[in-house]
Amino acid sequence: MQRAHADFQRQINGQAGAFRSEIDSHRKGLSQGLNDLAALAKSITGTRSGGDYDIRSWWPKHQNVTVEDLPGRRVPYVLMIDIPILNNSTSLVEGSVTISQEGPFVAVRRMATFQSFLQARITDPRTSAISDFTGRSYGRYRPIHSAYDLNDGLSSLLSPPNAGGVLGQPNLPGLLSLPASGSGFRTMEFDGRIAVFNAGSSFPRQNLDIGIPSSMWTSQINSPQDLGCLDFFERGEVITVKITPSHVNNPPAGNVTGNNLYFGGVAGLNSWPFLAGQYDPHEGIYTPDAFVASASPVTHLGTDPLTRIQDGILTVAWEGYRIQQPVGPGR
């Protein structure tokens, strides 16, 4: 009886030992699994910190990721688009730029400026000689809207030049204080609508297809305008800007010509003979023999001897930074 009891005790102890060994084996396997998971998590974190990812593949799964979380080196950057605005044209024009594969671009503020390339070709009515000139504004940067124009309303063209002693200058063609020097606003000043579209997200930066007035594109004349939030442009996206000018460059205003202005009771003196020449004195351009003062009555030229090429370039830009990232597989 005692021997049977001893055998049963040894059997129980053997089974208990086997259970303990199996539990220890499972515990070691579980510990190794946890270690493997930790190593995998560390590897994923290291890959994300190194920048080897495609934002378009994991962004929808991580809606709480901000621009500041994106890996990569931040480099100050200005993204620009040059759009020609041609003479005597108010047609819609557009320009595009593609975000390169070095990394996304984050815009902080927007800005724009207009550069004049005004030129004039003069055919002398006496000799038929042709001369080409660049205007005074040629190569200069001009405002992108007239709402901040300090010269607005300073024109003396709306009243006779000899009224109230406003003028009393001698008969000197091109003198800046003469009626011909007056103009509606600053020469080669741009006004228009600016619309921005992102071909990647297909989401416009304004409602519908209505462009933003250029007077609202900047806080002053050409000062950068801070954006409402950071604007994110992914690599490979195409940014398109559509411009609709609201008037031609240097538009003629009113109907005041040399036939309407009087100086000393004589029509045409010290005034331009053609509406298109209203900005000529500002640009340093003078129409030769625009009128014959010795004739009675004053004789005006029948044909404008000037061909004005009042072209310009509107530059639209965003200031911000690029996030430089290494190019990984599949890109």
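Look above for the structure.
Draft legend 1. Region of the structure containing the sheet that holds strand β7 (residues 212–213). The 4 strands are arranged β2-β9-β6-β7 in an open sheet whose pairing can be described as antiparallel. Each edge of the open sheet is held by one strand with a lone partner, namely β2 (93–98) and β7. Relative to strand β9 (residues 238–245), strand β6 (residues 192–198) is paired through 7 bridges, and the arrangement is antiparallel. Bridge pairing links Val 196 to Val 241 in β9.

Draft legend 2. Summary view of the packing of aromatic side chains. The final tally for this structure, using the stated rule, is 5 aromatic pairs. Relative to Phe 105, the ring of Tyr 77 lies with its centre 5.8 Å away and its plane at 65 degrees, an arrangement referred to as edge-to-face. Of this pair, Tyr 77 sits in strand β1 (residues 73–85) while Phe 105 sits in strand β3 (residues 105–123), placing them 28 residues apart in sequence. Note on Tyr 77: relative accessible area 34%, which makes it partly exposed. Given the relative accessible area of 0%, Phe 105 is considered buried. Ring centres 6.1 Å apart and planes at 10 degrees place the aromatic pair Phe 105 and Phe 233 in the stacked group. Residue Phe 105 is located in strand β3, and its partner Phe 233 is located in strand β8 (residues 225–233); the two are separated by 128 residues in the primary sequence. Among the aromatic side chains, those forming a connected cluster through ring pairs are Tyr 77, Phe 105, Phe 233 and Trp 318. Positioned over the ring face of Tyr 77 is Arg 322, at 5.1 Å from the centre of the ring.

Draft legend 3. Structural view of the nonpolar core. In terms of nonpolar packing, the biggest core is built from 29 residues, with Trp 217, Val 241, Ile 243, Leu 314 and Trp 318 touching the most fellow members. Listed by contribution, the elements that provide at least two residues to this core are β1, β3, β6, β9 and β14 (306–324). Setting aside anything within four residues of it in sequence, one finds Leu 314 in contact with Ile 81, Asp 82, Ile 83, Ile 85, Thr 113, Phe 114, Ile 144, Phe 190 and Ile 243. Counting 6 residues, the second-largest nonpolar core is a separate cluster that includes Val 65, Leu 70, Val 106 and Ile 323.

Draft legend 4. Structural detail: unusual backbone geometry. We note that Met 188 has phi near 55 degrees; this positive angle belongs to a residue other than glycine. Considering the arrangement of structural elements, one finds Met 188 in the loop between β5 (141–142) and β6. What makes Met 188 buried here is its relative accessible area of 0%. One non-glycine residue, Asn 250, adopts positive backbone phi at about 50 degrees. Looking at where Asn 250 falls in the secondary structure, it is placed in the loop between β9 and β10 (262–263). We classify Asn 250 as buried; its relative accessible area is 3%.

Draft legend 5. Summary view of the pattern of salt bridges. All chains considered together, the criterion is met by 7 salt bridges. For Asp 226, the salt bridge identified is with Arg 109, shortest N-O distance 3.1 Å. Note that Asp 226 is positioned in strand β8 and Arg 109 in strand β3, a separation of 117 residues in sequence. Arg 109 sits in the partly exposed class, given a relative accessible area of 25%. Salt-bridge contacts for Arg 121 lead to Asp 132; the nearest nitrogen and oxygen are separated by 2.7 Å. Of this pair, Arg 121 sits in strand β3 while Asp 132 sits in strand β4 (residues 130–134), and the two are 11 residues apart along the sequence. A cluster of three or more residues bridged by salt bridges with shared partners is formed by Arg 109, Asp 226 and Glu 319.

Draft legend 6. How the structure looks around the environment of Thr 244. Tracing the sequence through the fold places Thr 244 in strand β9. Remark: the alpha-carbon pair of Thr 244 and Val 93, spanning 151 residues in sequence, is separated by 6.6 Å. Discounting residues that sit within four places of it in the chain, Thr 244 has contacts with Thr 90, Leu 92, Gly 192 and Arg 193.

Conventions we followed
- Residues numbered from 1 in each chain as written.
- Predicted model: local features only at pLDDT ≥ 70, side-chain atom pairs only at ≥ 80, totals over all residues.
- Heavy atoms only, no water.
- Pairing = 2+ DSSP bridges.
- Helix = DSSP H or I, 4+ residues; strand = E, 2+ residues; numbered from the N terminus.
- Phe/Tyr/Trp six-rings, centres within 6.5 Å; stacked < 30°, edge-to-face > 60°.
- Buried < 20%, exposed > 50% of the residue type's maximum accessible area, 1.4 Å probe, protein only.
- Lys NZ or Arg CZ within 6 Å of the ring centre and 35° of its normal.
- Core = buried A, V, L, I, M, F, W, Y, C linked by side-chain atoms within 4.5 Å.
- Contact = heavy atoms within 4.5 Å.
- Salt bridge = Lys/Arg side-chain N within 4 Å of Asp/Glu carboxyl O.

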